[in-house]
Amino acid sequence: MKKKEIEEVFGGILENEQDVSAGIAAIRTLLTVLERDTSETVQELDSNLQAAVDTMKNTDYPVTAVTSGCELFLRFITLAKLDTKTFGECKSIMLHRGQLFLKKLMEARGKVAKLASSFIVDGSRILIHSKSRVVLHAMKEAAQANKRFEVYVTLSSPDNSGEDMRRLLDKENIPCQVIYDSAVGCKMEEVDMVMVGAEGVVESGGIINKVGSYTMAMCAREKKKPFYVLAESFKFVRLYPLNQRDLPDKFRFTSSTLAKDLSKEHPQVDYTPPSYITLLFTDLGILTPSAVSDELIKLYL
């Protein structure tokens, strides 16, 4: 597939299916590339798949989940190369494994939400950040279990995605109030917990997420409120940042911004160290930050 076709497939999924994350859209795009590919050798197919990954990384969609999801996907399907004698058989097995991998990932959000919703009890007041599909799913699970709780969501500049989250919660009849990002500190006294999603979970157990997450985590620790992260395992990324400056620019800024003077641009994400995170709810189970590195090793074995 040509670069433009890959961009159209990837962008089309994200624009037409609001409930699909960038990581899942990237994996679905890779499956489409695999189905349509006319390569005659494994080496050529590998090269085409990697070129597709690079194309998706160079769009203005969140690159963290695209990077981790595609890396895991390619790792999983290319194990087929060791098992077959002909290229045709190899490609067939890669397609089959890719479809199984995608099916497993599609079930991950529900598993995460079910685990996290059990921590929501009647009367809970929960602070969330920006728009997160998995956090929304957890709220729905709790509401369907007839739990009564209130949600505060940050406006989340510069795109004001908190308003989108409020509208989605309103549809579920979940009481929700939008607060300014700068009001996190004073609102923290009123809530019982913080729940955020993640664009990526790094090897240390820290997270990469929408800018403002780090500030929220610091306030939560100061006020001794639990800071919970909800993330599917395909967002586990092999990266070990020590601070904000350690995050690669390709994660912090959009592709179109990278060509500009970054000293004058605002980062899209920030890094929250593991010391600020209470627990991570994943499809692999409920993890402490220190357990993430062990799970990453298992994923890439």
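Structure's up top.
Structure report, in brief. Note that the structure is a prediction, hence the values are computed from the model and not measured. (Residues numbered from 1 in each chain as written. Predicted model: local features only at pLDDT ≥ 70, side-chain atom pairs only at ≥ 80, totals over all residues. Heavy atoms only, no water.)

1. Concerning the pairing of strand E6 (residues 207–210)
Thought 1: As judged from the two bridges shared by strand E5 (residues 200–201) and E6, these two strands associate in the antiparallel manner. Following the sheet pairing, Gly200 is matched in E6 by Ile208.
Thought 2: Here E5 folds back onto E6 in antiparallel fashion, the turn holding five residues, of which Gly205 has a positive phi close to 100°. (Pairing = 2+ DSSP bridges. Helix = DSSP H or I, 4+ residues; strand = E, 2+ residues; numbered from the N terminus.)

2. Re the nonpolar core
Thought 1: Judged by nonpolar contacts, the single largest core of 59 residues is most densely connected at Leu30, Leu49, Leu127, Phe227 and Val229.
Thought 2: Per-element tally for this core: the top contributor is helix H2 (residues 22–36), with nine residues.
Thought 3: Split by domain, the residues of this core number at least three in each of domain 1 (3–106) and domain 2 (111–300).
Thought 4: Apart from residues lying up to four places away in sequence, Leu49 is in contact with Leu30, Val33, Leu34, Leu74, Ile77 and Met94.
Thought 5: Grouped together as the second largest cluster of nonpolar side chains are 25 residues, Ile120, Phe149, Val151 and Cys176 included. (Core = buried A, V, L, I, M, F, W, Y, C linked by side-chain atoms within 4.5 Å. Buried < 20%, exposed > 50% of the residue type's maximum accessible area, 1.4 Å probe, protein only. Domains from an automatic or database assignment. Contact = heavy atoms within 4.5 Å.)

3. Overview of the side chain of Ser132
Thought 1: Structurally, Ser132 can be placed in the loop between strand E1 (124–128) and helix H6 (133–144).
Thought 2: Ignoring sequence-local partners within four residues, the contact set of Ser132 consists of Met165 and Gly197.

4. With respect to the pairing of strand E9 (residues 279–282)
Thought 1: Going residue by residue along E9, you find Leu279 and Phe281 tucked away on one face and Leu280 and Thr282 tucked away on the opposite face as well.
Thought 2: Where strand E7 (residues 227–230) and E9 come together, three bridges link them in parallel fashion. Considered in E9, the bridge of Leu230 is made with Phe281.
Thought 3: With three bridges connecting them, E9 and strand E10 (residues 285–287) associate as antiparallel partners. Each bridged residue has a counterpart across the sheet, and for Phe281 the counterpart in E10 is Ile286.

5. A few points about the pattern of salt bridges
Thought 1: Following the criterion strictly, the structure yields 14 salt bridges and no others.
Thought 2: Measuring nitrogen to oxygen at the nearest pair gives 2.9 Å for the salt bridge that ties Lys210 to Asp159. With Lys210 in strand E6 and Asp159 in the loop between strand E2 (149–154) and helix H7 (161–171), the pair connects residues that are 51 residues apart, well separated along the chain.
Thought 3: Classification of Asp159 as partly exposed rests on a relative accessible area of 49%.
Thought 4: Across the pair Lys223 and Glu189 runs a salt bridge, and its minimum N-O distance is 3.3 Å. In this pair, Lys223 sits in the loop between helix H9 (213–222) and E7 while Glu189 sits in the loop between helix H8 (184–187) and strand E4 (193–196), placing the two residues 34 residues apart along the sequence. (Salt bridge = Lys/Arg side-chain N within 4 Å of Asp/Glu carboxyl O.)

6. So, the packing of aromatic side chains
Thought 1: For the structure shown, the criterion picks out seven aromatic pairs.
Thought 2: For the ring pair Phe119 and Tyr228, a centre distance of 5.5 Å and an interplane angle of 75° mean the geometry is edge-to-face. Residue Phe119 is located in the loop between helix H5 (87–117) and E1, and its partner Tyr228 is located in strand E7; the two are separated by 109 residues in the primary sequence.
Thought 3: Under the relative-accessibility criterion, Phe119 is labelled partly exposed at 29%.
Thought 4: Assessed through its relative accessible area of 9%, Tyr228 is described here as buried.
Thought 5: With 5.4 Å between their ring centres and 75° between their planes, Tyr228 and Phe281 make a pair best called edge-to-face. Taken together, the residues Tyr228 in strand E7 and Phe281 in strand E9 connect sequence positions 53 residues apart. Phe281 matches Tyr228 in its accessibility class, with the two residues each being buried.
Thought 6: One aromatic cluster in this structure is built from Phe73, Phe76 and Phe101.
Thought 7: Above the face of the Tyr276 ring, Arg221 is positioned so that its terminal group lies 4.1 Å from the ring centre.
Thought 8: Note that Lys250 overlies the ring of Phe251, its terminal NZ or CZ placed 5.6 Å from the centroid. (Phe/Tyr/Trp six-rings, centres within 6.5 Å; stacked < 30°, edge-to-face > 60°. Lys NZ or Arg CZ within 6 Å of the ring centre and 35° of its normal.)

7. A few points about the packing of H2 against helix H3 (residues 42–57)
When two helices pack together, their arrangement is given by the angle between the helix axes and by the axis-to-axis distance.
Thought 1: Where H2 contacts H3, the axes come no closer than 10 Å and their chain directions differ by 145°. Judged by the twist between their axes, the crossing of H2 over H3 is right-handed. Facing H2, whose interface residues are Ala26, Thr29, Leu30, Val33 and Leu34, H3 presents Leu45, Leu49, Ala52, Val53 and Met56. (Axes fitted to C-alpha atoms, helices over the stretch in contact; angles between N-to-C directions. Left-handed = near helix turned anticlockwise from the far one by under 90°.)

8. Quick look at the sheet that holds E6
Thought 1: Judged by pairing direction, the sheet is antiparallel, and its three strands sit side by side in the order E5-E6-E8 without closing on themselves. The two strands at the open ends of the sheet, each matched to only one other strand, are E5 and strand E8 (269–272).

By themselves these figures say nothing about function.
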